[in-house]
Amino acid sequence: ITFGSEGATAIAPTDEASAALPAGTVEDLLKPENKDQLTAILTYHVVPGKVMSTDLTNEMKAATVQGGEVTIMTEGGVKVNDANVTTPDVAASNAVIHVIDKVIMPAM
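Before going into details, it helps to say that this report is about the structure given with it. Not measured: the values here are computed from a predicted model. (Residues numbered from 1 in each chain as written. Predicted model: local features only at pLDDT ≥ 70, side-chain atom pairs only at ≥ 80, totals over all residues. Heavy atoms only, no water.)

Turning to helix α3 (residues 35-44), a few remarks are in order. By the burial criterion, the buried members of α3 are A40, I41, T43 and Y44. Buried residues in α3 make contact with α2 (25-29), β2 (46-48) and β4 (69-73). (Buried < 20%, exposed > 50% of the residue type's maximum accessible area, 1.4 Å probe, protein only. Helix = DSSP H or I, 4+ residues; strand = E, 2+ residues; numbered from the N terminus. Contact = heavy atoms within 4.5 Å.)

Take a look at the structure:
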């Protein structure tokens, strides 16, 4: 994914979050016939523009590169859909990363 001058926000699951997926999920997604599904999941974890934790509001909706929306909750800790943000605002050269404890899935 190429980010424009406005950058992007990546919502990145931890390795443990990926490992917690049902057995065989990752292997299935890596099959050539599932490329579109894998692309949809990966792009669902990216929001155009840099969104810092200080920009978030409770019940905020954010459009993803995939085309769906994620819901941000800020009361009682920050969540993206049903995943907890464990490390916010990790700076990258043209992006900001928010680490989450669960893989979030778009409606398919």
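Turning our eyes to something else, we now look at the sheet that holds strand β3 (residues 60-63). Strand pairs in the sheet, formed through backbone hydrogen bonds, run parallel or antiparallel to each other. With mixed pairing, the 7 strands of this open sheet are ordered in space as β2-β1-β7-β6-β5-β4-β3. A strand with exactly one partner marks an edge of an open sheet, and here the two such strands are β2 and β3. Two elements, β4 and strand β5 (residues 79-80), share 2 bridges in a ladder whose sense is antiparallel. Each residue of the ladder has a partner; that of I72, found in β5, is V80. (Pairing = 2+ DSSP bridges.)

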